[in-house]
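An overview of the molecular structure
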Amino acid sequence: MDWYASIFELIDMRSFSNLWFWIALAVVWSTASHWVLGVPYDMVTRARRVGGQAEEDLNDIARVNVNRMLYIVEVSGIWLFAFSCFILSGLATAGFAYGIEFAQAVFLLAFPLTWVALLNLVTARRIRAETLQGEMLARALGRCRLYTQIIGMLAIFFTSLWGMYQNLSIGVLG
């Protein structure tokens, strides 16, 4: 008996029936909702609660991350957009037209994250345009986090529906 085949029979290597995919999905969305515009959300809550130096630190780190993000978009935004569209359309085609489950899984992880990236970009532009600081900055970051969590909940819901459909259609024994 081939030991390689035995291991792959024991450990299911399909994406939607693999525990590691679901752990990665949870970690991705947990991380995306914790780091809003590159600012850890505990820093936002500490700045709201304590004020003073914590609020100044929030203003500084948000300013640095907003300027960095907007600079990257100004310099290479079109190329990043084109590359993202290329990768996402390739994953969607390979996954849903040709039935490659791994491409479906990666697409269902990456596509909603592009919406989060656009949301972060809109929030960054708003922060810079209105020069938000203090409580107004914390509110904008909180709103961005809430929308990120809503996108994450929808993404997890649709990914789990698609994953259950795939697992039921393929069956237990493949």
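The rules we used
Residues numbered from 1 in each chain as written. Predicted model: local features only at pLDDT ≥ 70, side-chain atom pairs only at ≥ 80, totals over all residues. Heavy atoms only, no water. Helix = DSSP H or I, 4+ residues; strand = E, 2+ residues; numbered from the N terminus. Rg over C-alpha atoms; globule rule 2.2 N^0.38 Å. Buried < 20%, exposed > 50% of the residue type's maximum accessible area, 1.4 Å probe, protein only. Contact = heavy atoms within 4.5 Å. Areas by Shrake-Rupley, 256 points an atom, 1.4 Å probe, with all protein chains shown as cover. Lys, Arg positive; Asp, Glu negative; His and termini not counted. Charge placed at Lys NZ, Arg CZ, Asp CG, Glu CD. 1 Å grid on protein atoms, 1.4 Å probe; cavity = no way out; pocket = protein on both sides within 12 Å on 5 of 7 lines; lining within 4 Å. Points joined across faces, edges and corners; volume = space filled by probe spheres on them. UniProt positions renumbered as here; feature names shortened; annotations may be inferred. Core = buried A, V, L, I, M, F, W, Y, C linked by side-chain atoms within 4.5 Å. Phe/Tyr/Trp six-rings, centres within 6.5 Å; stacked < 30°, edge-to-face > 60°.

The name given to the protein chain in an unreviewed UniProt entry is Component of SufBCD complex, with Ruegeria sp. PrR005 as the source organism.

On to the overall build of the protein chain, then. Across its full length, the protein chain holds six helices and two strands. Along the protein chain, from the amino end to the carboxyl end, the secondary structure elements read α-α-β-β-α-α-α-α. Its C-alpha atoms give the protein chain a radius of gyration of 20 Å, more than 25% over the compact-globule value 16 Å for 174 residues. Here the protein chain holds 174 residues, and 33% of them are scored as buried. Put simply, of all contacts in the protein chain between residues at least 6 apart along the chain, 72% involve residues at least 24 apart. Looking at the protein chain as shown, the accessible area adds up to about 11100 Å², and 69% of this sits on carbon and sulfur atoms. Of the charged side chains in the protein chain, 12 are positive and 12 negative, and the gap between their average positions amounts to 10 Å.

Attention shifts here to the layout of surface pockets. The volume enclosed by the largest pocket comes to roughly 810 Å³. If you trace the largest pocket, you find 25 residues lining it, with L80, S84, T114, A117 and L118 closest to the centre. When contributions to the lining of the largest pocket are tallied by element, the ones reaching two or more residues are α2 (19–34), α4 (53–97) and α5 (101–130). Ranked by the residues each element gives to the lining of the largest pocket, the list is headed by α4, at eleven residues.

In this section: the UniProt feature "transmembrane region" (unreviewed entry) in the protein chain. On the UniProt side, "transmembrane region" (unreviewed entry) is annotated at positions that read residues 20–39, 78–100, 106–125 and 146–165 here. Here residues 106–125 runs as 100% helix and 0% strand, with 29 Å between its end C-alpha atoms.

This part is about the nonpolar core. The nonpolar side chains of soluble globular proteins are, as a tendency, buried together. If you look at the biggest cluster of nonpolar residues, it comprises 21 residues, and the most contacted ones within it are V39, V44, L58, I127, L137 and L141. Here L137 is in contact with L58, N59, A62, I127 and L132, once residues within four sequence places are set aside. Among the nonpolar cores identified, the runner-up in size contains 15 residues, and F21, L25, V116 and A155 belong to it.

Turning to the packing of aromatic side chains, a few remarks are in order. Enumeration according to the criterion identifies seven aromatic pairs in this entry. Measuring from centroid to centroid gives 6.2 Å for F111 and W115, while their planes differ by 85°, and the two rings are edge-to-face. On the criterion of helical spacing, the pair formed by F111 and W115 is a turn pair, its members being four residues apart in helix α5. Residue F111 is classed as partly exposed on the basis of its relative accessible area of 36%. For W115, a relative accessible area of 48% corresponds to the partly exposed category. Put simply, the rings of F96, F107, F111, W115, W162 and Y165 touch in pairs and so form one group of aromatic residues.

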